[in-house]
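# A look at the structure
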Amino acid sequence: MSDRRFFVGGNFKMNGDKASLDVIINNLNTVDSPNDVVVAPPSPYLSYVASKLTSNVKVSAQNCYKVAKGAYTGEISPAMLCDLGISWVILGHSERRHVFNEKDELIGQKVKHALQSGLNIIPCIGEKLDEREAGVTEQIVFEQMKHIKDNVEDWSRVVIAYEPVWAIGTGKTATPAQAQEVHEKLRKWLADNVSNEVAQSTRIIYGGSVNSGNCKELAQGKDIDGFLVGGASLKPDFLEIVKANA
Ligand code: PEP
(Lines give C-alpha, C1' and ligand atoms only; values in the text may rest on other atoms or scores of the structure.)
Protein backbone atom coordinates (compact mmCIF):
# COMPACT_ATOMS: atom_id res chain seq x y z
CA MET A 1 0.00 0.00 0.00
CA SER A 2 1.34 3.45 -0.89
CA ASP A 3 1.86 6.18 1.70
CA ARG A 4 0.02 8.68 -0.49
CA ARG A 5 -2.95 9.95 1.53
CA PHE A 6 -6.26 8.95 -0.07
CA PHE A 7 -8.02 12.02 -1.49
CA VAL A 8 -11.73 12.39 -2.25
CA GLY A 9 -13.06 15.51 -3.94
CA GLY A 10 -16.71 16.37 -4.49
CA ASN A 11 -17.54 18.61 -7.43
CA PHE A 12 -21.05 20.03 -7.02
CA LYS A 13 -20.84 21.67 -10.50
CA MET A 14 -23.64 24.25 -10.99
CA ASN A 15 -26.00 22.60 -8.51
CA GLY A 16 -27.44 23.49 -5.15
CA ASP A 17 -29.09 26.26 -3.21
CA LYS A 18 -28.76 27.15 0.46
CA ALA A 19 -31.43 24.66 1.52
CA SER A 20 -29.97 21.70 -0.38
CA LEU A 21 -26.40 22.64 0.55
CA ASP A 22 -27.43 22.65 4.23
CA VAL A 23 -28.41 19.00 3.89
CA ILE A 24 -25.07 18.15 2.25
CA ILE A 25 -23.11 20.15 4.85
CA ASN A 26 -24.86 18.36 7.73
CA ASN A 27 -23.86 15.09 6.13
CA LEU A 28 -20.25 16.26 5.60
CA ASN A 29 -20.05 17.37 9.21
CA THR A 30 -20.30 13.72 10.23
CA VAL A 31 -17.19 12.79 8.19
CA ASP A 32 -14.58 11.22 10.42
CA SER A 33 -11.79 10.04 8.15
CA PRO A 34 -8.02 10.27 7.92
CA ASN A 35 -8.43 10.88 4.17
CA ASP A 36 -8.26 14.30 2.54
CA VAL A 37 -11.82 15.35 1.70
CA VAL A 38 -12.45 18.49 -0.36
CA VAL A 39 -15.76 19.75 -1.76
CA ALA A 40 -16.27 22.29 -4.54
CA PRO A 41 -19.56 24.19 -4.35
CA PRO A 42 -20.50 26.79 -6.97
CA SER A 43 -18.55 30.02 -6.38
CA PRO A 44 -21.42 32.10 -4.90
CA TYR A 45 -21.65 29.54 -2.09
CA LEU A 46 -17.96 29.09 -1.28
CA SER A 47 -18.03 31.21 1.89
CA TYR A 48 -21.43 29.88 2.91
CA VAL A 49 -20.24 26.28 2.76
CA ALA A 50 -16.84 27.02 4.32
CA SER A 51 -18.46 28.85 7.25
CA LYS A 52 -20.81 25.96 8.03
CA LEU A 53 -18.39 23.06 7.77
CA THR A 54 -17.28 21.97 11.22
CA SER A 55 -15.53 18.79 10.12
CA ASN A 56 -12.12 18.53 8.54
CA VAL A 57 -13.60 18.77 5.05
CA LYS A 58 -11.90 21.49 2.97
CA VAL A 59 -13.47 23.71 0.33
CA SER A 60 -12.39 24.14 -3.27
CA ALA A 61 -13.39 26.44 -6.10
CA GLN A 62 -14.36 24.81 -9.40
CA ASN A 63 -12.28 27.19 -11.50
CA CYS A 64 -10.38 30.46 -11.36
CA TYR A 65 -8.69 32.86 -13.76
CA LYS A 66 -5.00 33.31 -14.61
CA VAL A 67 -4.45 36.78 -13.12
CA ALA A 68 -5.10 38.44 -9.74
CA LYS A 69 -7.53 41.18 -10.75
CA GLY A 70 -8.70 43.40 -13.59
CA ALA A 71 -11.27 43.83 -16.32
CA TYR A 72 -12.33 40.18 -16.64
CA THR A 73 -16.07 40.28 -16.07
CA GLY A 74 -17.42 37.07 -14.60
CA GLU A 75 -14.09 35.62 -13.55
CA ILE A 76 -12.76 34.94 -10.05
CA SER A 77 -9.11 35.10 -9.07
CA PRO A 78 -6.89 32.94 -6.86
CA ALA A 79 -6.24 36.04 -4.72
CA MET A 80 -9.95 36.31 -4.01
CA LEU A 81 -10.14 32.64 -3.09
CA CYS A 82 -7.21 33.01 -0.71
CA ASP A 83 -8.87 36.10 0.78
CA LEU A 84 -11.93 33.96 1.54
CA GLY A 85 -9.77 31.24 3.10
CA ILE A 86 -10.42 28.81 0.25
CA SER A 87 -7.37 26.61 -0.22
CA TRP A 88 -8.13 24.47 -3.28
CA VAL A 89 -9.19 24.94 -6.88
CA ILE A 90 -10.15 22.50 -9.65
CA LEU A 91 -8.60 23.51 -12.99
CA GLY A 92 -9.22 22.28 -16.53
CA HIS A 93 -12.28 20.19 -15.69
CA SER A 94 -13.63 18.53 -18.83
CA GLU A 95 -16.66 20.83 -18.77
CA ARG A 96 -14.31 23.82 -18.78
CA ARG A 97 -12.38 22.27 -21.65
CA HIS A 98 -15.30 21.12 -23.77
CA VAL A 99 -18.25 23.40 -22.87
CA PHE A 100 -16.20 26.58 -22.38
CA ASN A 101 -13.50 25.70 -24.88
CA GLU A 102 -10.53 26.10 -22.50
CA LYS A 103 -7.29 25.03 -24.16
CA ASP A 104 -4.21 23.43 -22.64
CA GLU A 105 -2.28 26.74 -22.85
CA LEU A 106 -4.86 28.60 -20.75
CA ILE A 107 -5.09 25.76 -18.25
CA GLY A 108 -1.30 25.83 -17.92
CA GLN A 109 -1.39 29.57 -17.22
CA LYS A 110 -4.08 29.04 -14.60
CA VAL A 111 -2.03 26.26 -13.00
CA LYS A 112 0.98 28.56 -12.73
CA HIS A 113 -0.90 31.53 -11.32
CA ALA A 114 -2.99 29.50 -8.86
CA LEU A 115 0.14 27.84 -7.45
CA GLN A 116 2.02 31.14 -7.29
CA SER A 117 -0.94 32.56 -5.38
CA GLY A 118 -0.68 29.82 -2.76
CA LEU A 119 -3.58 27.55 -3.74
CA ASN A 120 -3.57 23.77 -3.89
CA ILE A 121 -4.77 22.61 -7.29
CA ILE A 122 -6.65 19.71 -8.84
CA PRO A 123 -5.85 19.88 -12.57
CA CYS A 124 -8.03 17.53 -14.63
CA ILE A 125 -7.07 15.56 -17.70
CA GLY A 126 -8.79 12.91 -19.77
CA GLU A 127 -9.54 11.64 -23.25
CA LYS A 128 -12.81 11.80 -25.19
CA LEU A 129 -14.53 8.63 -26.40
CA ASP A 130 -13.38 9.00 -30.02
CA GLU A 131 -9.81 9.48 -28.78
CA ARG A 132 -9.96 6.30 -26.69
CA GLU A 133 -11.46 4.41 -29.61
CA ALA A 134 -8.72 5.74 -31.91
CA GLY A 135 -6.12 4.36 -29.45
CA VAL A 136 -4.64 7.78 -28.61
CA THR A 137 -5.56 8.00 -24.91
CA GLU A 138 -1.91 8.11 -23.82
CA GLN A 139 -0.97 10.73 -26.37
CA ILE A 140 -3.86 12.96 -25.26
CA VAL A 141 -3.32 12.70 -21.51
CA PHE A 142 0.48 13.05 -21.81
CA GLU A 143 0.04 16.23 -23.87
CA GLN A 144 -2.36 17.60 -21.24
CA MET A 145 0.14 16.61 -18.53
CA LYS A 146 2.94 18.44 -20.32
CA HIS A 147 1.08 21.76 -20.15
CA ILE A 148 0.46 21.21 -16.46
CA LYS A 149 4.02 20.07 -15.68
CA ASP A 150 5.61 23.03 -17.46
CA ASN A 151 3.83 25.29 -14.97
CA VAL A 152 4.37 23.43 -11.70
CA GLU A 153 7.25 24.08 -9.35
CA ASP A 154 5.76 22.69 -6.13
CA TRP A 155 4.20 19.26 -6.75
CA SER A 156 3.21 18.87 -3.10
CA ARG A 157 0.23 21.17 -3.84
CA VAL A 158 -0.96 19.25 -6.91
CA VAL A 159 -3.48 16.39 -7.09
CA ILE A 160 -3.94 15.13 -10.65
CA ALA A 161 -7.49 14.07 -11.60
CA TYR A 162 -7.72 11.58 -14.46
CA GLU A 163 -11.28 11.86 -15.74
CA PRO A 164 -12.07 10.15 -19.04
CA VAL A 165 -14.59 12.49 -20.66
CA TRP A 166 -16.78 9.58 -21.76
CA ALA A 167 -17.24 8.54 -18.13
CA ILE A 168 -18.20 11.93 -16.67
CA GLY A 169 -21.87 12.20 -15.78
CA THR A 170 -22.72 9.35 -18.15
CA GLY A 171 -23.04 6.45 -15.71
CA LYS A 172 -20.29 4.68 -17.73
CA THR A 173 -17.45 4.19 -15.29
CA ALA A 174 -14.02 3.10 -16.47
CA THR A 175 -13.43 -0.45 -15.28
CA PRO A 176 -10.95 -0.70 -12.40
CA ALA A 177 -8.47 -2.19 -14.90
CA GLN A 178 -8.94 0.66 -17.41
CA ALA A 179 -8.50 3.29 -14.69
CA GLN A 180 -5.47 1.57 -13.14
CA GLU A 181 -3.82 1.18 -16.56
CA VAL A 182 -3.94 4.93 -17.26
CA HIS A 183 -2.96 5.88 -13.70
CA GLU A 184 0.09 3.63 -13.90
CA LYS A 185 1.13 5.21 -17.19
CA LEU A 186 0.65 8.69 -15.74
CA ARG A 187 2.85 7.82 -12.78
CA LYS A 188 5.54 6.52 -15.11
CA TRP A 189 5.20 9.69 -17.18
CA LEU A 190 5.82 11.73 -14.01
CA ALA A 191 8.87 9.61 -13.22
CA ASP A 192 10.25 10.07 -16.74
CA ASN A 193 9.41 13.76 -17.09
CA VAL A 194 9.61 15.19 -13.57
CA SER A 195 11.26 12.86 -11.04
CA ASN A 196 10.82 9.52 -9.38
CA GLU A 197 10.13 11.25 -6.08
CA VAL A 198 7.30 13.34 -7.56
CA ALA A 199 5.88 10.26 -9.29
CA GLN A 200 5.78 8.37 -6.01
CA SER A 201 4.34 11.19 -3.91
CA THR A 202 1.78 12.84 -6.24
CA ARG A 203 -1.82 11.74 -5.82
CA ILE A 204 -3.55 10.67 -9.04
CA ILE A 205 -7.29 10.44 -8.50
CA TYR A 206 -9.96 9.00 -10.79
CA GLY A 207 -13.21 10.69 -11.80
CA GLY A 208 -16.11 9.53 -13.94
CA SER A 209 -19.41 8.19 -12.59
CA VAL A 210 -17.89 7.04 -9.29
CA ASN A 211 -20.58 5.96 -6.84
CA SER A 212 -20.98 4.00 -3.62
CA GLY A 213 -21.36 0.78 -5.62
CA ASN A 214 -18.14 0.94 -7.67
CA CYS A 215 -15.79 2.97 -5.44
CA LYS A 216 -14.34 0.13 -3.36
CA GLU A 217 -13.23 -1.91 -6.33
CA LEU A 218 -11.76 1.15 -8.08
CA ALA A 219 -9.91 2.12 -4.89
CA GLN A 220 -8.00 -1.15 -4.99
CA GLY A 221 -5.94 -0.04 -7.99
CA LYS A 222 -2.42 0.53 -6.66
CA ASP A 223 -2.08 3.83 -8.53
CA ILE A 224 -5.59 5.09 -7.75
CA ASP A 225 -5.19 7.52 -4.86
CA GLY A 226 -8.78 8.67 -4.56
CA PHE A 227 -11.62 10.15 -6.57
CA LEU A 228 -13.12 13.29 -7.98
CA VAL A 229 -16.86 12.78 -7.69
CA GLY A 230 -19.56 14.79 -9.47
CA GLY A 231 -23.17 13.61 -9.24
CA ALA A 232 -22.71 11.31 -6.25
CA SER A 233 -21.11 14.09 -4.18
CA LEU A 234 -24.57 15.66 -3.89
CA LYS A 235 -25.99 12.52 -2.31
CA PRO A 236 -25.62 10.91 1.13
CA ASP A 237 -23.69 8.14 -0.69
CA PHE A 238 -20.71 10.48 -0.82
CA LEU A 239 -19.82 9.38 2.70
CA GLU A 240 -19.36 5.81 1.47
CA ILE A 241 -17.02 7.03 -1.28
CA VAL A 242 -14.99 9.04 1.24
CA LYS A 243 -14.07 5.79 2.99
CA ALA A 244 -13.72 3.63 -0.12
CA ASN A 245 -10.16 2.67 0.84
CA ALA A 246 -11.04 1.66 4.43
C1 PEP B 1 -16.85 15.36 -12.27
O2 PEP B 1 -17.64 16.27 -12.37
O3 PEP B 1 -15.65 15.60 -12.09
C4 PEP B 1 -17.33 13.98 -12.39
C5 PEP B 1 -16.47 12.99 -12.37
O6 PEP B 1 -18.69 13.81 -12.51
P7 PEP B 1 -19.51 12.43 -12.31
O8 PEP B 1 -19.00 11.79 -11.03
O9 PEP B 1 -20.94 12.86 -12.18
O10 PEP B 1 -19.24 11.58 -13.50
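Look up a bit, the structure's there.
Anyway, here's the lowdown on the structure attached to this text.

About the cut-offs
The residue numbering used here restarts from 1 in each chain and proceeds along that chain's sequence as written. The predicted origin of the model limits local features to residues at a pLDDT of at least 70 and limits the giving and counting of side-chain atom pairs to 80 or more, whereas totals for whole chains, interfaces and linings rest on all residues. Neither water nor hydrogens contribute to the side-chain values; these are computed over all heavy atoms in the structure. We call a residue buried when its accessible area falls under 20% of the maximum for its residue type, exposed when it is over 50%, and partly exposed in between, using a 1.4 Å probe and counting protein chains only. By the criteria applied, helices consist of DSSP H or I runs no shorter than four residues and strands consist of E runs no shorter than two, each listed in order from the N terminus. If DSSP finds at least two bridges between two strands, the strands pair. Neighbouring residues are identified by heavy atoms, a residue being near a molecule or strand if any of them is within 4 Å of it. Whenever two N or O atoms come within 3.5 Å, that pair is a polar contact, provided that in protein one can donate a hydrogen and the other can accept it, and provided that, for residues adjacent in sequence, both atoms are side-chain atoms. Areas reported as accessible are Shrake-Rupley estimates using a 1.4 Å probe. Residue values count occlusion only from the protein chains shown. For this classification, Asp, Glu, Lys and Arg are treated as charged, while Ala, Val, Leu, Ile, Met, Phe, Trp, Tyr, Cys and Pro are nonpolar and the rest, including Gly, are polar. The criterion used for residue contact is that any of the two residues' heavy atoms lie within 4.5 Å. Here is how to tell: hold the view so the strands point away, follow the path from the first strand over the helix to the second, and if it runs clockwise the crossover is right-handed.

Before going further, it helps to spend a moment on the pairing of strand E5 (residues 120-125). Of all 6 residues that make up E5, 6 are buried, and the element is covered over most of its length. Sheet topology note: the strand E4 (residues 88-91)/E5 ladder contains 4 bridges and is parallel. By the bridge assignment for E5, Val 89 is matched with Ile 121. Bridge count between E5 and strand E6 (residues 159-162): 2 bridges; the pairing is parallel. Each residue of the ladder has a partner; that of Cys 124, found in E6, is Ala 161.

It is worth spelling out the environment of Val 182 at this point. Inspection of the secondary structure puts Val 182 in helix H8 (residues 176-193). A sequence separation of 45 residues divides Val 182 from Thr 137, and the C-alpha atoms of the two residues are 8.4 Å apart.

This brings us to the site of the ligand. Near the ligand lie 14 residues; those nearest to it are Lys 13, Glu 163, Gly 169, Ser 209 and Gly 230. At a separation of 2.7 Å, an oxygen atom of the ligand approaches a polar side-chain atom of Glu 163. When the ligand is considered free in solution it has 290 Å² of accessible area, and contact with the protein chains removes 96% of it. For the shell around the ligand, a count of residues per class yields 4 nonpolar, 8 polar and 2 charged.

As a further point, take the environment of Ala 79. In this structure, Ala 79 sits in helix H3 (residues 78-83). In sequence terms Ala 79 and Ile 160 are 81 residues apart; their C-alpha atoms lie 22 Å from each other.

Right, let's get into the side chain of Asp 225. Assignment of secondary structure puts Asp 225 in the loop between helix H10 (215-219) and strand E8 (226-229). Using a relative accessible area of 3% as the deciding quantity, one classes Asp 225 as buried. Polar contacts involving the side chain of Asp 225 include one to the side chain of Arg 4, which spans 2.9 Å. Those residues in contact with Asp 225 that sit more than four places away from it in its chain are Ser 2, Arg 4, Arg 5, Phe 6, Phe 7, Arg 187, Thr 202, Arg 203, Ile 204 and Ile 205.

Of all 5 residues in strand E1 (residues 7-11), 5 are buried, a share of seventy percent or more. What you see with E1 is no split at all: Phe 7, Gly 9 and Asn 11 on one side and Val 8 and Gly 10 on the other are buried throughout. Of the pairings in the sheet, the one linking E1 to strand E2 (residues 36-40) comprises 5 bridges and is parallel in character. Note that in E2 the partner of Phe 7 across the bridge is Asp 36. Between E1 and its parallel partner E2, the chain crosses via helix H1 (residues 18-28), and the hand of that crossover is right-handed.

Interpretation in functional terms is not warranted from these geometric data alone.
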